[in-house]
Amino acid sequence: MSLMLKTEPRFLERDGHRIGYRVMGEGDVTLLFLPCFQIVDSRVYRAQVDYFATRCRVVTYDARGCGHSSRPEAHEAYSVPEMVEDGKAILNALGIEKVVATGVSRGGHMAALFAAYYPEMTAAAFIMAPTAPFGPENPAVTPESMMAVRDEYHDWEKYNVHYIRNHFKDFAEFFAYKALSDKHSEKLITDGVSWSDATDAEVIIKVSTLMPDIAREGEDIYRKVACPVTVIHGADDMVVPVEKGALVAEILGVPLVRMEGVGHVPCSRYPVEVNRMLEDFLSEHGILQPVQIPHETVRKVRNKRAKRALYLSSAIGLGHVRRDLAIATALRDRHSDLEVDWVTQDPAIRFLEGAGEAVHPLSRTMEAETARLEADMGEHDLDAFKALQNMDTLLVNNFLRLQRHLESEAYDLVIADEAWELDRFWHEHPSLKTAKLAWMTDFVGVLPMHMTDATEARLANDYNAEMITLVEGNKKLRDAAIYIGDEADLVDAPMGKGLPSVRDWTRGHFEFGGYVSGFDAGAYADTAFWKQKLGYSGQEKLCLVAVGGTMAGSAFLRRLMDGARDLRAALPGVRFVIVAGPRVDVGSLPKVDGVDIHRFLPDFVSYVAACDMAVVQGGLTTGMELTALGKPFVYVPLQNHFEQQVHVHHRLKRYGLGRRLDYQDLSAGRLAAELKSMLARVPHPTASVDNNTGRVADRIANLL
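Anyway, here's the lowdown on the structure attached to this text. These numbers come from a predicted model, not from an experiment.

When its secondary structure is counted, the protein chain shows 30 helices and 23 strands. Here the C-alpha radius of gyration of the protein chain, 28 Å, is about what a compact globule of 704 residues would show, namely 27 Å. The C-alpha extent of the protein chain, read off along each of the three principal axes, is 90 × 60 × 50 Å. Out of the 704 residues belonging to the protein chain, those deemed buried represent 61%. When contacts within the protein chain are restricted to residue pairs at least 6 apart in sequence, long-range pairs at least 24 apart make up 74% of them. Put simply, the protein chain shows about 27,100 Å² of open surface, and 50% of that area lies on carbon and sulfur atoms. Taking the average location of the 78 positive side-chain charges in the protein chain and that of its 97 negative ones, the two points are 5 Å from each other.

In structure tokens, the structure reads:
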């Protein structure tokens with residue numbers, strides 16, 4: 001969950017009205033985000049709040065009539081100047097003397113008014129798509145059209161008192177599509193429509209039919225603004241004409257920042273660009289110091305002639321980092337002077353530092369992806385697509401930190417193993433690319449899990465369509481795009497309505513690198529040797545249980561432990577070796593004879609080599625490691641996890657050593673039956689897994 005949504009609102013009473021507000025972050029600089037049109041509340045600024053609250057104090061508040069603020073009956077209570085005064089009252093209550101006023105739409109207008117009313121309190125104003133009550137207007141919206149009674153309402157005719165009152169939810173959807181007219185905005189539109197639940201039709205009618213107080217809101221007031229100002233406006237704004245933004249900028253004596261191809265809400269749709277603009281604007285005027293990226297690394301002496309690579313390793317669990325370390329080692333075999341800096345998160349940080357790698361301090365400033373994912377988890381359940389979309393502000397935040405680092409240090413190559421934020425935002429803003437890019441992934445395309453859920457299908461379709469558009473619009477941005485697998489590992493499922501299949505599109509846009517296990521299977525082929533090496537008897541059978549590097553497997557693990565004694569009774573002579581992962585509290589698990597519990601095993605592959613069979617959560621890496629060493633296993637994919645349920649299942653089914661067991665069918669009796677069957681007749685693999693570390697390293701080495 002984003003910082004903004006985690007922060008409990010505070011409340012202020014002013015003139016009998018309750019105003020809900022939030023205060024986030026700390027710092028000498030305060031950013032005040034003024035509220036926009038009540039169809040949405042202050043959540044419209046999430047992407048700005050989450051980023052700037054790491055360095056500044058950020059204050060947001062909900063306009064009267066929406067969110068956590070009360071809904072006055074009186075029409076005049078919704079006047080814009082009164083709502084500006086609400087912001088001033090909040091600052092007085094907090095003892096804040098100076099702010100940067102910023103806002104979008106009506107919030108942009110209010111930011112200008114705040115700067116004009118309170119010059120002594122305003123260090124700067126950052127104004128986006130302002131709804132100033134002068135200059136060009138939307139010709140389809142007039143006082144007459146607002147009140148007209150019609151048999152049918154089309155397009156802007158829906159911005160009408162009668163239609164809003166009788167069809168409020170449809171109006172909210174109509175307005176969201178107009179405000180977010182940019183392509184591939186379905187997630188934001190869905191959010192916007194849901195946020196309209198925080199207001200009602202009568203509030204919107206009162207706000208929309210209240211005539212502006214020109215004496216307190218007009219051009220003459222704008223001319224009083226004396227602080228540094230930036231005005232930005234989307235050239236394709238369908239709500240407020242860009243010409244209005246141009247006039248506002250002219251009155252304020254600054255050039256308009258015209259954002260081509262952008263709609264009404266640039267702070268939501270293009271947060272990377274807007275956040276960088278705001279940050280640079282404040283830095284230019286000495287209000288906010290440029291972001292400080294730590295530069296010291298574990299490398300004591302740097303070879304100035306060496307090639308340099310920044311390796312971004314996906315931090316979800318440990319599967320990626322093990323293969324990434326193998327690739328980096330192979331790269332250094334090919335380029336002996338190559339220096340690799342790593343950016344990742346725990347538990348991968350500890351794994352790499354244990355291996356003597358140079359983990360960049362930037363890694364510890366990044367917001368943790370795992371914690372965000374875990375916030376969306378249920379009982380052995382993770383809607384991976386929903387969780388990915390809910391990480392939108394995290395990806396923005398982490399990318400902006402990463403980008404500043406890349407702009408401050410010279411690298412010859414960036415290797416990105418499912419570093420979604422870098423790939424997404426470099427494609428969206430290709431001018432930001434600073435080095436050659438080697439992109440790697442072991443799945444392509446999000447797939448809806450609930451085919452009867454029209455919203456999920458629409459969002460997945462739009463997500464994939466945007467990815468296709470960005471990649472095909474910048475075909476040379478990825479200097480190498482490597483699919484970690486073979487063509488047969490790809491599902492042959494469509495990526496959405498009117499879109500190609502996963503297999504067809506990947507074939508045209510990736511090279512197939514083959515699977516990278518990161519180890520020589522031959523060195524781990526002798527099960528008896530590895531049992532003895534790890535201290536186990538050659539007479540007992542070992543069952544390895546692994547539940548991944550997040551809390552997702554905790555419910556699965558507890559269910560298994562609850563039945564551990566029954567399993568032991570049903571399978572005499574079998575010892576269970578459980579790897580609970582670094583985030584599960586192993587102390588809370590019951591102690592059972594014949595069951596060894598570990599939190600983390602850096603030599604995990606040794607245990608794979610020593611086991612006779614396994615039970616695993618359903619992630620790709622562990623399943624493929626077991627497959628590479630010919631070990632039979634049961635896998636229990638997370639419910640609603642499209643990657644485990646579809647992509648990984650397709651792969652494991654192809655190799656023939658894994659047996660799928662759905663979580664709802666998981667019991668000691670069912671699991672014992674599956675394991676007994678494996679002991680009686682070890683399945684034979686239907687395809688082999690080769691270690692293609694060298695093949696992938698050769699392709700990346702060519703970029704150096």
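And the narrative resumes.
What follows is about helix α12 (residues 242-252). Regarding α12, the residues found buried are V242, K244, G245, V248, A249, I251 and L252. Where the residues of α12 are buried, they touch β6 (122-128), α11 (219-222), β7 (229-234) and β8 (256-259). Of the residues trailing α12, G253 is marked for its positive phi of about 75°.

What follows concerns the sheet that holds strand β21 (residues 613-616). The parallel open sheet is built from six strands, whose spatial order is β20-β19-β18-β21-β22-β23. Since the sheet does not close on itself, it has two edges, and those belong to β20 (595-598) and β23 (658-660), each with one partner. On average, adjacent strands in this sheet sit at an angle of 20° to one another, irrespective of strand direction. With three bridges connecting them, strand β22 (residues 633-635) and β23 associate as parallel partners. Bridge pairing in β23 links F633 to G658. Those strands touched by helix α29 (residues 668-680) are β18 (541-546), β19 (574-579), β21, β22 and β23, and its axis lies near 150° from that of β21.

Our focus in this paragraph is the packing of helix α8 (residues 186-195) against helix α21 (residues 454-473). For the pair α8 and α21, interaxial distance at closest approach is 9 Å and the crossing angle is 145°. Residues E186, K187 and T190 of α8 lie in contact with α21, whose contacting residues are T455, R458, L459 and D462.

Within the element layout of this structure, D50 appears in helix α2 (residues 46-52). A polar contact of 3.3 Å, which involves the side chain of D50, links it to the backbone nitrogen of L3. For D50, the residues in contact, after removing those within four places along its chain, are S2, L3, M4, R372, T393 and N397.

Across the 10 residues that make up α8, a large majority, eight, are buried. For α8, the complete set of buried residues consists of E186, K187, L188, I189, D191, G192, V193 and W195. Summarising the contacts, the buried residues of α8 are in contact with α2, α7 (168-179), α13 (266-269), α18 (384-390), α19 (392-408) and α21.

With that out of the way, let us pick up the packing of aromatic side chains. Each aromatic ring pair is described using two quantities: the centre-to-centre distance and the angle formed by the ring planes. Here the structure, examined in full by the defined rule, presents 28 aromatic pairs. Measuring from ring centre to ring centre gives 6.1 Å for F126 and F281, while their planes differ by 40°; the resulting arrangement is tilted. Placement of the pair is F126 in strand β6 and F281 in helix α14 (residues 271-284), with a sequence separation of 155 residues. Here F281 falls in the buried class, since its relative accessible area comes to 6%. Look at Y153 and Y163: their rings are 5.3 Å apart centre to centre, the planes differ by 50°, and that puts the pair in the tilted class. Here Y153, found in the loop between α5 (143-147) and α6 (161-166), pairs with Y163, found in helix α6; they are 10 residues apart in sequence, far enough to count as distant. This pair shows no difference in class: Y153 is buried, exactly as Y163 is. Sitting over the ring of Y411, R308 keeps its end group 4.3 Å from the ring centre. Positioned over the ring face of Y663 is R559, at 4.0 Å from the centre of the ring.

Bringing the packing of helix α3 (residues 80-94) against helix α4 (residues 106-117) into the picture now. The geometry of α3 relative to α4 is characterised by a closest axis approach of 10 Å and an angle of 65° between their N-to-C directions. One element, α3, and the other, α4, form an angle in the roughly perpendicular class. Two packed elements cross with a definite hand, and for α3 against α4 that hand is right-handed. Contact residues: α3 offers V80, P81, M83, V84, K88 and L91, while α4 offers R106, H109, M110, L113, F114 and Y117.

Two faces belong to every sheet, and in a regular strand the side chains alternate between them. Most of strand β4 (residues 57-61) is tucked away: four of the five residues are buried. Inspection of the sheet shows strand β2 (residues 17-24) paired to β4 by four bridges, in the antiparallel sense. Across the sheet, Y21 pairs through a bridge with Y61, a residue of β4. Relative to β4, strand β3 (residues 30-33) runs parallel, the two sharing four bridges. By the bridge assignment for β4, F33 is matched with T60.

Below, the discussion takes up the pattern of salt bridges. What the rule picks out here adds up to 53 salt bridges. Of the charged contacts in the structure, one is a salt bridge between D200 and R71, with a shortest N-O distance of 2.9 Å. Taken together, the positions of D200 in the loop between α8 and α9 (201-209) and R71 in the loop between β4 and α3 put the pair 129 residues apart, joining distant regions of the chain. Classification of R71 by relative accessible area gives partly exposed; the value is 37%. Linking E466 and R269 is a salt bridge whose minimum nitrogen-to-oxygen distance equals 3.1 Å. Residue E466 is located in helix α21, and its partner R269 is located in helix α13; the two are separated by 197 residues in the primary sequence. Residue E466 is classed as buried on the basis of its relative accessible area of 10%. When its relative accessible area of 5% is taken as the criterion, R269 is described as buried.

Judged by pairing direction, the sheet is mixed, and its eight strands sit side by side in the order β1-β2-β4-β3-β5-β6-β7-β8 without closing on themselves. Edge positions in the open sheet fall to β1 (10-14) and β8, since each of these has one partner strand only. Ignoring strand direction, the axes of neighbouring strands in this sheet form an average angle of 20°. Sheet topology note: the β7/β8 ladder contains four bridges and is parallel. In the strand pairing of β8, H233 is matched with R258. Together, β1, β2, β3, β4 and β5 (99-104) form the strand contacts of α3, whose direction differs from that of β1 by roughly 120°. Sheet strands touched by α12: β6, β7 and β8. Its angle to β7, the strand with the most contacts, is close to 170°.

About the criteria used
- Residues numbered from 1 in each chain as written.
- Predicted model: local features only at pLDDT ≥ 70, side-chain atom pairs only at ≥ 80, totals over all residues.
- Heavy atoms only, no water.
- Helix = DSSP H or I, 4+ residues; strand = E, 2+ residues; numbered from the N terminus.
- Rg over C-alpha atoms; globule rule 2.2 N^0.38 Å.
- Buried < 20%, exposed > 50% of the residue type's maximum accessible area, 1.4 Å probe, protein only.
- Contact = heavy atoms within 4.5 Å.
- Areas by Shrake-Rupley, 256 points an atom, 1.4 Å probe, with all protein chains shown as cover.
- Lys, Arg positive; Asp, Glu negative; His and termini not counted.
- Charge placed at Lys NZ, Arg CZ, Asp CG, Glu CD.
- Pairing = 2+ DSSP bridges.
- Axes fitted to C-alpha atoms, helices over the stretch in contact; angles between N-to-C directions.
- Polar contact = N/O pair within 3.5 Å; in protein donor to acceptor, adjacent residues only side chain to side chain.
- Phe/Tyr/Trp six-rings, centres within 6.5 Å; stacked < 30°, edge-to-face > 60°.
- Lys NZ or Arg CZ within 6 Å of the ring centre and 35° of its normal.
- Parallel < 35°, antiparallel > 145°, perpendicular 65-115°, else oblique.
- Left-handed = near helix turned anticlockwise from the far one by under 90°.
- Salt bridge = Lys/Arg side-chain N within 4 Å of Asp/Glu carboxyl O.

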